[in-house]
Every structure is written in structure tokens, then in C-alpha cells.
Amino acid sequence: MNRPAPHDRRIRLVLFDRDGTLVEDVPYNGDPDLVRPVPHAREALALLRARGVATGVVTNQSGVARGLLSTADVRRVNERVDVLLGPFDAWAVCPHGPDDGCSCRKPQPGMVLQAAARLGVPPDETAVIGDIGADVEAARRAGALGVLVPTAQTRPEETAAAEHVAPDLLTAVRALLPAGPPHGHVLDDERPPAAVSASDRRPL
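Worth saying up front: this structure is predicted, and the values here are computed from it rather than measured.

### A closer look at the packing of aromatic side chains
Taken as a whole and judged by the stated rule, the model has 1 aromatic pair. Here arginine 49 stacks its cationic end above the ring of phenylalanine 88, 5.1 Å away from the centre of that ring.

Here is the structure:
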């Protein structure tokens, strides 16, 4: 069966990367007091919830595997995100490192599939919004729709390879709503992505 084109999809669930997408990126953050929502995050989430679209978070937290964070640290930060921007309908956290061979760490699709199954939403009615290539690749492997919102941490080649790119979180969310579905690589009002050095990108 052919997968529907993005503009033919009905999106019932939007999953967000956490750091750099919903909240400002603080590498290996274990301090809830450092959690700061990105601009327009509350507005974007309110648009989805007002239309009955479920929301969730899928986040790589390799700081646990690296010994830089505890699972309790991650939980406290997630709870703070939920207080500021929630309630989210689903959370999925991968504590593994890049060499652990797990099926949940993005770009593997495990967390996307897990969250969608938990909420009873098919992957092809699910979207994933994130700031690096691993986020949109996890969406692709799961059969979901991926939208990249580049930041200073996003490699230029990741932006070029993404099927859909938005300049900010609010534009990405609006593009998923019935009034403004994705059409092609560049979504409405996108600014040209700035070239960034790969050396500036943090390890996940």
C-alpha cells in the first residue's frame, strides 16, 4: 500500500523532541530550574490541544549511560517541562548511549512507535518535530511524518536532507493543522537555514 502524501494525512498525535525543540538546549541538564521553553512553545501546544491533537515527548538522554545524569535527574527535568508546557499525553525516554544498540534511541523508531501505540494512534497519523536529523529519521523509520526545526546545533546536511523544514516551532505546528498542511521541503515563512559548523553540535 502506498503511504499517503503529507498533505493527505490526518495528524492525531504530535511527538516532540525535548532539548532544543520544546525547551532551550542545556547539555545533559539535570536541573529543573534551568528549564526554559523555546519561544512560542506554549502557543504551539495550545493550538494542538484545542483541536484535540494528542501530544507527547520522545527524548534521547544519553547522559544517563555516560554517568552524567541519573534517571531521577531526567525525571525531575521532565516533570518541570510537563508543569511548564504540559500535560503531555505520552513520554518516552531513551537512557542509552550511542553504542548500546538499543531500539529506542533516535534515529531508531522505538520511542515513536511506543508512544503512538500507547495512545492508540497509527504511525501514519503521527508527526515528530525535532531539531536534528535523528528526530526526523526516527519519524521516517516509524512511518510517521517528520518536521525539522533547525537550531545552531543542526548540521546543514541534516536540514538539506529533511523532507519538511520549518523556521520555528509555531510554524511547524501550524503546518500540521488542517488549515496549513506541509507542502514540499520548505514550509511557509521559512527563513533560509543558516550554515553552522558541525563542531558546534553537541553529542547526544
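Next, the rest of the story.
### Overview of the nonpolar core
One finds Val14, Phe16, Leu22, Leu85 and Ile129 to be the most contacted residues of the largest nonpolar core, which totals 32 residues. Those elements that place two or more of their residues in this core are β1 (13-16), α1 (41-50), α2 (71-85), β4 (126-130), β5 (145-148) and α6 (169-176). Sequence-distant contacts of isoleucine 129, defined by excluding residues within four places in its chain, comprise Val14, Leu15, Phe16, Asp17, Thr21, Val147, Val149, Leu169, Ala172, Val173 and Leu176. Listed in part, the 19 residues of the second largest apolar core include Ala92, Cys104, Met111 and Ala139.

### Describing unusual backbone geometry
Backbone torsion omega between glycine 86 and proline 87 reads 5 degrees, so that peptide bond is classified as cis. With respect to the secondary-structure elements, proline 87 resides in the loop between α2 and β3 (90-94). In the segment running from lysine 106 into proline 107, the intervening peptide bond is cis, with an omega of 25 degrees. Along the chain, proline 107 turns up in the loop between β3 and α3 (110-119). Positioned with a positive phi, tyrosine 28 is a non-glycine residue whose angle comes to about 50 degrees. Structurally, tyrosine 28 is set in the loop between β1 and α1. What makes tyrosine 28 partly exposed here is its relative accessible area of 27%.

### Here's the deal with the confidence of the model for the chain
Here the chain shows a mean pLDDT of 87. Residues at 70 or above account for 83%. Low pLDDT, under 50, characterises residues 1-7; the predicted model gives this stretch 12 contacts beyond four residues in sequence or across chains. The low-confidence segment residues 189-204, where pLDDT is below 50, has 31 contacts with residues more than four positions distant or belonging to other chains.

### Considerations on the sheet that holds strand β2 (residues 54-60)
Taken in spatial order, the 5 strands of this open sheet run β3-β2-β1-β4-β5, and their pairing is parallel. What marks the edges here is a single partner per strand, and that holds for β3 and β5. Between one strand and the next, the sheet's axes are offset by a mean angle of 20 degrees, whatever the strand orientation. As defined by bridge partners, β1 adjoins β2 across 4 bridges and the pair is classed as parallel. Looking across to β2, one finds that valine 14 is bridged to threonine 55. On the sheet, helix α4 (residues 133-142) packs against β4 and β5 and is oriented at approximately 170 degrees with respect to β5. Sitting on the sheet, α6 is in contact with β1, β4 and β5, with an inclination near 165 degrees to β4.

### Quick notes on the layout of surface pockets
Space inside the largest pocket adds up to approximately 290 Å³. Lining the largest pocket are 17 residues, with Gly20, Val38, Val149, Pro150 and Thr151 positioned closest to its centre. Considered class by class, the residues forming the lining of the largest pocket number 7 nonpolar, 5 polar and 5 charged.

Rules used in this analysis
Residues numbered from 1 in each chain as written. Predicted model: local features only at pLDDT ≥ 70, side-chain atom pairs only at ≥ 80, totals over all residues. Heavy atoms only, no water. Phe/Tyr/Trp six-rings, centres within 6.5 Å; stacked < 30°, edge-to-face > 60°. Lys NZ or Arg CZ within 6 Å of the ring centre and 35° of its normal. Core = buried A, V, L, I, M, F, W, Y, C linked by side-chain atoms within 4.5 Å. Buried < 20%, exposed > 50% of the residue type's maximum accessible area, 1.4 Å probe, protein only. Helix = DSSP H or I, 4+ residues; strand = E, 2+ residues; numbered from the N terminus. Contact = heavy atoms within 4.5 Å. pLDDT = per-residue confidence, 0-100. Pairing = 2+ DSSP bridges. Axes fitted to C-alpha atoms, helices over the stretch in contact; angles between N-to-C directions. 1 Å grid on protein atoms, 1.4 Å probe; cavity = no way out; pocket = protein on both sides within 12 Å on 5 of 7 lines; lining within 4 Å. Points joined across faces, edges and corners; volume = space filled by probe spheres on them. Nonpolar A, V, L, I, M, F, W, Y, C, P; charged D, E, K, R; others polar.

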